[in-house]
Amino acid sequence: MPEILASVGQGFGVALQPLNLLACFIGVFIGTLVGVLPGIGPISAMSLLLPVTLSGTPEAGIIMMAGIYYGSMYGGSTTSILVNIPGEAASVVTCLDGHQMARQGRAGPALGMAALSSFIAGTLAIIALMFVAPALSRVAIAFGPAEYFSLMVLGLTLLAFLTQGAILKSLIMATAGGVIGLIGLDSITAQPRLTFDRLELFDGIGLVPLVMGLFGVAEVLTNIERRLSRDVIAARIGSLLPTRDDWRASAAPIGRGTVLGFLLGILPGGGAVIASFAAYALERRFSRDPGRFGRGAIEGVAAPEAANNAAAGGAFIPLMTLGIPPNVVMALLLGAFVVHGLQPGPLMMTQNAGLFWGIVASMYVGNVMLLVLNLPLIGMWVQLLRLPYNLLFPLILLFSIVGVYASQNNVFDIYVMIGFGLFGYLCRKFGYEPAPMVLGFVLGPMLENNLRKALILSQGELSGFLTRPISAACLLLAAALLVSATLPTLRRKRDAIALEEGG
């Protein structure tokens, strides 16, 4: 305990430096803005701003990227409650009861409870992160190449299993991402692979143009043809503070949503979207009157908002301790670490303790900033909801082009971004989710490296993957998931979850 407190003190020393404090504020402000505006998710925003982080220190860059992620969890509730359009996928469930409360003249308490439950859950998740991460980091030191390979296989399988749409399409996209990640020089033999004698490809495909194309450009192209009608609640919002009865009804749901969200955030493929749906379903199960849900029950706002913010905190644990991103947002953060020459994992807490604890401490600071931003500035966010899309989308495209070029001063990257933008648009049209491709792109080279290292150490013996307990458990669980996907009952349940997420 004293060691953790000393480390947290060191982290606040990093987080409260003026540059890092500014980066945290910019991150949570942009995150809230991204959450408020429908059609732009945290993945798109982080993709667009990834080049900006390259010009500063690693601490400032990572703190800003993290702020965008958990900030968007806050902002998404505002547009869900006032407009009935989720600004962020994890806020889909908040629409059900939050907008009904707004229609009944209780928009203020709904917005207040969303912000306060998010703050409580986010703070508790950070405290849990402080205690769980060091313990898991000590265990992770025992991991060898075989364990890392098997864990990545399990992560990709879980992601494909839990992603919207057909599992075969998800696996195809993850495989395609893995192949694209292998373009360039072989990390062990230095032989060029899939470069087609193009010098631009010897360094491989960059993460920045790939994600900005798949999520920034493709998102704009998709939204241009989609008519988003907005009916902003025009009535005066009134007091934002929930009543005593609201707190009495919401206290237990916030606690359950925090625990559930944190645990699901740690799991590969889990994340904020599944956590919010699971928390809502859990509260309906616990409720004495389930019929109230969907008609303005405040528990239907408190529980999912707590769950998605707790999941955002939990997602940092596998990334920081194992170096494995549990979802596509964490894959972008991993890319930011790698671009800055850092490798998250079990040694990060000893080799880069200031960075690790600085990020944790910045999340405390960011949560306080978000509470300040969300409650007093509701009026400003409502006005932003009236911003016409025909002004917003050209600005996003312009920013994408400038950002991609500035990251490497390479015109070829702009062509790569445009190519992946068109590819991402077509993927959405034919029901292929782009998220597994990014995870495959980030994890593919790591998976290949660990496979080859494990085979070198075992002199080509494949049995080593099954004789080591952790490796065998991960592979068996991955195999069980793939088999279960073929069972009719489980497949129907999974399709129902995907349908709810997409709706």
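One can find the structure itself at the top, above this paragraph.
This section reports on the structure supplied with the text. (Residues numbered from 1 in each chain as written. Predicted model: local features only at pLDDT ≥ 70, side-chain atom pairs only at ≥ 80, totals over all residues. Heavy atoms only, no water.)

1. Here we look at the packing of aromatic side chains
As enumerated under the stated definition, the model contains five aromatic pairs in all. Note on Phe 25 and Phe 29: the rings are 6.0 Å apart at their centroids and 25° apart in plane angle, and the pair reads as stacked. With a gap of four residues between them, Phe 25 and Phe 29 both fall in helix α2 (residues 18–36), about one helical turn apart. Note on Phe 25: relative accessible area 35%, which makes it partly exposed. Overall, Phe 29 belongs to the partly exposed group, its relative accessible area being 27%. Of note, Lys 169 hangs over the ring of Tyr 432, and the distance from its end group to the ring centre comes to 5.0 Å. In this structure, Arg 256 is placed above the aromatic ring of Phe 286, and the distance from its NZ or CZ to the ring centre is 4.3 Å. (Phe/Tyr/Trp six-rings, centres within 6.5 Å; stacked < 30°, edge-to-face > 60°. Helix = DSSP H or I, 4+ residues; strand = E, 2+ residues; numbered from the N terminus. Buried < 20%, exposed > 50% of the residue type's maximum accessible area, 1.4 Å probe, protein only. Lys NZ or Arg CZ within 6 Å of the ring centre and 35° of its normal.)

2. Topic: the pattern of salt bridges
Considering all chains together, one arrives at nine salt bridges under this definition. When the shortest N-O distance is used, the salt bridge between Arg 468 and Glu 147 registers 2.7 Å. Separated by 321 residues along the polypeptide, Arg 468 in the loop between α21 (464–467) and α22 (469–484) and Glu 147 in helix α7 (residues 145–162) bring together distant segments of the chain. A residue is classified by how much of its surface remains accessible, and Arg 468, at 37% relative accessible area, is partly exposed. For Glu 147, a relative accessible area of 5% translates into the label buried. Between Arg 452 and Glu 448 there is a salt bridge whose closest N-O contact spans 3.0 Å. (Salt bridge = Lys/Arg side-chain N within 4 Å of Asp/Glu carboxyl O.)

3. Observations concerning empty space enclosed by the protein
Enumeration according to the criterion identifies three cavities of 30 Å³ or more in this entry. Lining the largest cavity are Tyr 70, Tyr 74, Gly 122, Ala 125, Ile 126, Asn 309, Gly 313, Met 363 and Asn 367. Of all elements in the fold, only α4 (58–83), α6 (107–140), α12 (299–314) and α16 (353–374) reach the threshold of two or more residues within the lining of the largest cavity. (1 Å grid on protein atoms, 1.4 Å probe; cavity = no way out; pocket = protein on both sides within 12 Å on 5 of 7 lines; lining within 4 Å. Points joined across faces, edges and corners; volume = space filled by probe spheres on them.)

4. Examining the packing of helix α3 (residues 42–53) against helix α9 (residues 207–224)
At a closest axis distance of 8 Å, the pairing of α3 and α9 adopts a crossing angle of 140°. Taken together, α3 and α9 sit at an angle that is classed as oblique. As for the relative orientation of α3 and α9, their crossing is left-handed in sense. Residues Ile 43, Ser 44, Ser 47, Leu 48, Leu 50 and Pro 51 of α3 form the contact with α9, whose participating residues are Leu 207, Val 208, Val 211, Met 212, Phe 215, Gly 216 and Glu 219. Classifying every residue of the contact of α3 with α9 by side-chain character gives nine nonpolar, three polar and one charged. (Axes fitted to C-alpha atoms, helices over the stretch in contact; angles between N-to-C directions. Parallel < 35°, antiparallel > 145°, perpendicular 65-115°, else oblique. Left-handed = near helix turned anticlockwise from the far one by under 90°. Contact = heavy atoms within 4.5 Å. Nonpolar A, V, L, I, M, F, W, Y, C, P; charged D, E, K, R; others polar.)

5. Observations concerning α12
When the terminal C-alpha atoms of α12 are compared, their 22 Å separation across 16 residues agrees well with the 22 Å that a helix rising 1.5 Å per residue should span. In terms of residue burial, α12 counts as a mostly covered element, since 16 of its 16 residues are buried. (Expected span 1.5 Å × (residues − 1).)

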